[in-house]
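Here is what each chain is made of, one letter per residue.
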Amino acid sequence: MEETRPVRLETGGYVLSFPDGGVEVRKQDRLLYLTRRPMFVTVKTAFAVSEFHDAAYDDIAAAGDAVEARGTIALPSGSEFAFTDAYEAVDGGFRVSRTVEVLSAGDDLGFSTTISFGVTESENVRDYNCFAPGFWYRQNEFAPDSAMGKDLDNEYFWAMETRYALPLFAMQSIASGETAALSRWAADVTLPNTEIVRSENLTDPACTVGAIGMSRPTGKTLNYMYYGYGIRKELGAEAAGLSIDYVYPGAEGQLPVHNPYAGLDYSEKPKAFQRLNHPVAVGFTQRYAVALTLDRYDGFQPMMRDVWRRTYSRLRDALFDVDNERHFHNGIAILNRYTRQYGDALGLPFACQLPDMDVSSVSFQFGFVGQQPGIGYQLLRYGDRENDPETFAKGVGVIDFWARSALTESGLPRMCYNPTLGGFEPYPHYIRMLADGVEAILDAYLDLRGIGDERADWYEFCRRTADWLVGAQNEDGSFYRAYHADGSIRMDSKSNTPSVIRFLVQFFLVTGDPRYRDAAVRAGEWSFDNNYRNLEYRGGTCDNADIQDKEAGIYALFGFLALYDLTGDDRWLEGAIGAADYTETWTYAWSFPVRTIWPKHPFNRYSISGQSIITIGGGADVYMAACSYTYYRLYLITGDGHYLDFAEFLHNNTRQSTDVDGSIGYAMPGLGHESGNFASQTLQSHYHWLPWCTFVEVDPASRLYDTFGVYEIADAQRLPPDEREKRNRIYDSFGLGVA
């Protein structure tokens, strides 16, 4: 290896150099990251197993402001690969641009290459907290057992970057706070071959997706047969230690699998490791680039926030062009059309199949995916403001039904009504779902009271629910996730405690009764110590297990901000900021092409950006649409321009999963699907609409209009600053109580 002259790059106190054809990163002469053999290729052999080979660069030279490193790897099989890597210093780290060309093709079926940086502080993965947006937080202690990171004794922790809300993976030393993050440089993914099915070890020349994660491989091959049996073969290679990796094309593994072949004679845990390859064909060339971001942080949350924002600023998709005023009116039209009488109850179907809105299920949920009282409130509000008696009457009818029918003897509302049965289904009394419904009934009560229509039974419903909450609150300020009708514990997790804070705050403002304020503050104290400080945002989606998700973060944001609005205490603002920073990392801020199997679907025309991951290991939906108004308010409070940018992104790009202008061919403009999984770049979805899909887009738009008099955040920004600040004090005139 000939080095023409000493070369190095420096940024932010980190120095990257190339001793002996390897790569080192130092900080104040302390070695933090190194790769002795940067040219790393994995081949799919004729036996359809993966073997890896690595080597140091042959030549390193300065090339303007960059450093160009070259070399060739010749394999015993006869395959030969030429590497050209360009390193550049960029703000906050380094950019690595790689070109790999196949010079000769031996007896190999495919290949991938890897950019790796070994970590020097420790080779124990338990000494690091990791961050992959919507996929891995700290050591994934609140993730499901099937998630990556739950078994930290694995060798490989790689996932396709399309599973990440941004193509980003970070490793932070718990001891020092030093952090290395790898991310795809540009959002330039293309569609893979759609005529094949991915298998354990597939070769696809069209795949342009990488995987990001970490590994600590031994000197052995690792392939799992289709039934989860691991095939190991000694390679005689030196173990490289623990590293952060970008693999191109990507790989998924190691992951636990359910083994249906119980009669097989092996005792190891069955696992899966799916690899993608490019063809070993003369002239085939890989080209890709990554960013290595480096810094030190005092804790996981500051790291998560900063690394996310740096990558977001580089990869955030363009704003979607949408008329939000028209979209709001279209949403109300949908809710109005599908609200009808079912026996003694007024409500909307539980689910309708797209594109024609074929009703597939009728059942009413108090909140969550049904959002019946919330929709009732939006209809009566709209009917009043737009002088639309029919819409107003429907809204009143929905609220009336729940106010007269849903309370149990204990004061705990029932959650799920089935009009076919003429009664309620045996559904757990979720605290999160309770909050959705009772807040809406309180909003409806105040709305009608404001026009001189006092609905005493609606108020009584809210009072009895609030009193039940005060009585059910635990000594430590928490609430359980779900209860039985008699108030006994149904699910004993406490992580949904923030869900009811905003209702308690607002009912205090209506009544002036300090019991409700005190209950809200006590719930906030528990949530601050557990949800915020311990990142215990889990169980927010009622139809999933008590695992980490985004909706728990959303409701923590709502709760902390309500306490700040009430008290002005900076502690609650800190909690709101923490919840907001966590929650936004579940949102697909970048974009990549996705194929659908339906001729009428918005993703055939629009981008997937604005969708958000539901739970770790789950699909994606549009629920972050509910937060655009709240992030805008947080911007006005903090002056942090990132929140303004993200608020506008949510307010626009979440609309991309809807037939926003009627051109897709759905039954009505504004309709969209509930959720789907598109990490494979082929959409998998129930292809149906649930009421919440429209509600979460209507609700923040109505709040924005009621607070700022506009439907576009850009229009709110045109108001004088002092006017925006005054309007943003939303509790100054809320209810009749005093804070």
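What counts and how
Residues numbered from 1 in each chain as written. Predicted model: local features only at pLDDT ≥ 70, side-chain atom pairs only at ≥ 80, totals over all residues. Heavy atoms only, no water. Helix = DSSP H or I, 4+ residues; strand = E, 2+ residues; numbered from the N terminus. Rg over C-alpha atoms; globule rule 2.2 N^0.38 Å. Buried < 20%, exposed > 50% of the residue type's maximum accessible area, 1.4 Å probe, protein only. Contact = heavy atoms within 4.5 Å. Areas by Shrake-Rupley, 256 points an atom, 1.4 Å probe, with all protein chains shown as cover. Lys, Arg positive; Asp, Glu negative; His and termini not counted. Charge placed at Lys NZ, Arg CZ, Asp CG, Glu CD. 1 Å grid on protein atoms, 1.4 Å probe; cavity = no way out; pocket = protein on both sides within 12 Å on 5 of 7 lines; lining within 4 Å. Points joined across faces, edges and corners; volume = space filled by probe spheres on them. Nonpolar A, V, L, I, M, F, W, Y, C, P; charged D, E, K, R; others polar. Axes fitted to C-alpha atoms, helices over the stretch in contact; angles between N-to-C directions. Left-handed = near helix turned anticlockwise from the far one by under 90°. Parallel < 35°, antiparallel > 145°, perpendicular 65-115°, else oblique.

> Account for the overall build of the protein chain, with residues named and values stated.
Within the protein chain, the secondary structure is distributed over 15 helices and 39 strands. Here the protein chain has a C-alpha radius of gyration of 27 Å; the compact-globule value for 739 residues is 27 Å, and the two agree. Taken along its principal axes, the extent of the C-alpha atoms in the protein chain is 85 × 50 × 50 Å. Classification of the 739 residues of the protein chain by burial places 61% in the buried group. Across the protein chain, the fraction of contacts at a sequence separation of at least 24, relative to all contacts at a separation of at least 6, is 69%. Roughly 26,500 Å² of accessible area belongs to the protein chain as shown, and the carbon and sulfur atoms make up 46% of that amount. Across the protein chain, the mean location of the 66 positive side-chain charges is 1 Å away from that of the 100 negative side-chain charges.

> Residues and numbers for empty space enclosed by the protein, please.
The tally for this structure, following the rule as stated, stands at seven cavities of 30 Å³ or more. Estimates place the volume of the largest cavity at around 240 Å³. Glu439, Arg502, Phe695, Asp699 and Arg703 are, among the 20 residues lining the largest cavity, the residues nearest its centre. Here the element with the most residues in the lining of the largest cavity is helix 5 (residues 431-449); it accounts for five residues. Considered class by class, the residues forming the lining of the largest cavity number 10 nonpolar, four polar and six charged.

> Lay out the packing of helix 2 (residues 324-338) against helix 3 (residues 372-385) with the relevant residues and their values.
It is at 10 Å that the axes of helix 2 and helix 3 come closest, and there the two elements cross at 115°. Relative to helix 3, the crossing made by helix 2 is left-handed. Mapping the contact onto sequence places Phe328, His329, Ile332, Leu335 and Asn336 in helix 2 and Ile375, Gln378, Leu379, Arg381 and Tyr382 in helix 3.

> Can you break down the packing of helix 3 against helix 5 residue by residue, with the values?
The contact between helix 3 and helix 5 brings their axes to 8 Å, and the two run at 20°. Comparing their axes, helix 5 and helix 3 come out roughly parallel. The way helix 3 lies across helix 5 gives a crossing that is left-handed. Counted together, Pro373, Gly374, Tyr377, Leu380, Arg381, Asp384 and Arg385 of helix 3 and Gly437, Ala440, Ile441, Asp443, Ala444, Asp447 and Leu448 of helix 5 form the full contact between these two elements. Among the residues forming the contact of helix 3 with helix 5, the class breakdown is seven nonpolar, two polar and five charged.

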